[in-house]
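What the coordinates show
Listed below are the residues making up each chain.
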Amino acid sequence: RASPSASAAPVPQTLPASPQHHLSLFAPSPSLRYILLLAEVIDELPNVRHLSVRNNRLTDVGVNAIVSAAVRKRRPLRSFNIAMNDIDEDASIALAHFLANRRCRLQHLYLGTADLDDFEIARLMKALESNALLRTLDISDNIIGGRQEHMLVGRVVKHDAEADDG
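Rules used throughout
Residues numbered from 1 in each chain as written. Predicted model: local features only at pLDDT ≥ 70, side-chain atom pairs only at ≥ 80, totals over all residues. Heavy atoms only, no water. Pairing = 2+ DSSP bridges. Helix = DSSP H or I, 4+ residues; strand = E, 2+ residues; numbered from the N terminus. Right-handed = clockwise from strand over helix to strand, strands pointing away. Core = buried A, V, L, I, M, F, W, Y, C linked by side-chain atoms within 4.5 Å. Buried < 20%, exposed > 50% of the residue type's maximum accessible area, 1.4 Å probe, protein only. Contact = heavy atoms within 4.5 Å. Patch = residues over 30% accessible without salt bridge, like charges linked within 9 Å, V, L, I, M, F, W, Y side chains within 5 Å. Areas by Shrake-Rupley, 256 points an atom, 1.4 Å probe, with all protein chains shown as cover. Salt bridge = Lys/Arg side-chain N within 4 Å of Asp/Glu carboxyl O. Polar contact = N/O pair within 3.5 Å; in protein donor to acceptor, adjacent residues only side chain to side chain.

Our next topic: the pairing of strand E1 (residues 21–24). Consecutive side chains of a regular strand alternate in pointing toward one face of the sheet and then the other. Alignment of E1 against strand E2 (residues 48–52), held across four bridges, turns out to be parallel. From the neighbouring strand, Leu-23 faces E2, where its bridge partner is Leu-51. In this fold, the crossover linking E1 to E2 by way of helix H2 (residues 32–41) has right-handed handedness.

Counting residues in each nonpolar core, the largest one holds 36 residues, and the members touching the most others are Phe-80, Ile-82, Leu-99 and Leu-106. Secondary-structure elements contributing two or more residues to this core are H2, E2, helix H3 (60–72), helix H4 (89–100) and helix H5 (118–128). For Phe-80, the contacting residues outside a window of four places in its chain are Leu-51, Ile-66, Val-67, Ala-70, Phe-98, Leu-106, His-108, Leu-109 and Tyr-110.

On the surface, a cluster of nonpolar side chains totalling about 240 Å² of accessible area is made up of Leu-32, Leu-36 and Val-61. Along the chain, Val-61 turns up in helix H3.

Among the five residues of E2, five are classified as buried, and the element is accordingly described as predominantly covered. The sheet contact formed by E2 and strand E3 (residues 79–81) spans three bridges and is parallel. Among the inter-strand pairings, Ser-52 is bridged to a residue of E3, identified as Asn-81. Read from E2 through H3 to E3, the crossover connection turns out right-handed.

This part takes up the environment of Ser-92. With respect to the secondary-structure elements, Ser-92 resides in helix H4. The buried category is assigned to Ser-92, whose relative accessible area is 0%. Distance in space between the C-alpha atoms of Ser-92 and Val-67 is 9.1 Å, their sequence separation being 25 residues. In this view, Ser-92 contacts Ile-87, Glu-120, Arg-123 and Leu-124; residues no more than four positions away in its chain are not counted. For Ser-92, the side chain forms a polar contact with the main-chain oxygen of Glu-89, separated by 2.9 Å.

As enumerated under the stated definition, the model contains three salt bridges in all. One salt bridge connects Arg-74 with Asp-43, and the closest N-O pair in it is separated by 2.7 Å. Taken together, the residues Arg-74 in the loop between H3 and E3 and Asp-43 in the loop between H2 and E2 connect sequence positions 31 residues apart. Look at Asp-43 and you get buried, because its relative accessible area is 19%. Salt bridges linked by common partners bring Asp-43, Glu-44 and Arg-74 together as one network.

In structure tokens:
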């Protein structure tokens, strides 16, 4: 007859590595106060390594607050999803500083459908020149090329109108 302790699985001598937790916040049209509070406490959640605030209809102010909080986070994020929010100049500047920071450990960044234009994308690409860790960058469904195409069309239309006048 086997004793109960002999049939039990061995107890590991070391604890497993800390799990990398995901925090996903989905609250369409949250108040700015709610987002600012999240930005204040994100560093107090040391095991959060994957943050998603996708599709919260955040404006530049809210996105800027979350990005700035990610920069200050002592245990850096590994993935960051801020897709389907409005990323304009201030937030893109903060995000570019974050990506260029030597403490940035992002491996996955999702910026799809974020109202990014050519200038904001160019700013992010410049910042990525010094970032060797990022593996995934989703910039789908933005207005990349939109301003250049508009400027080109404007020049062609103006040129054609001047030719017709002559």
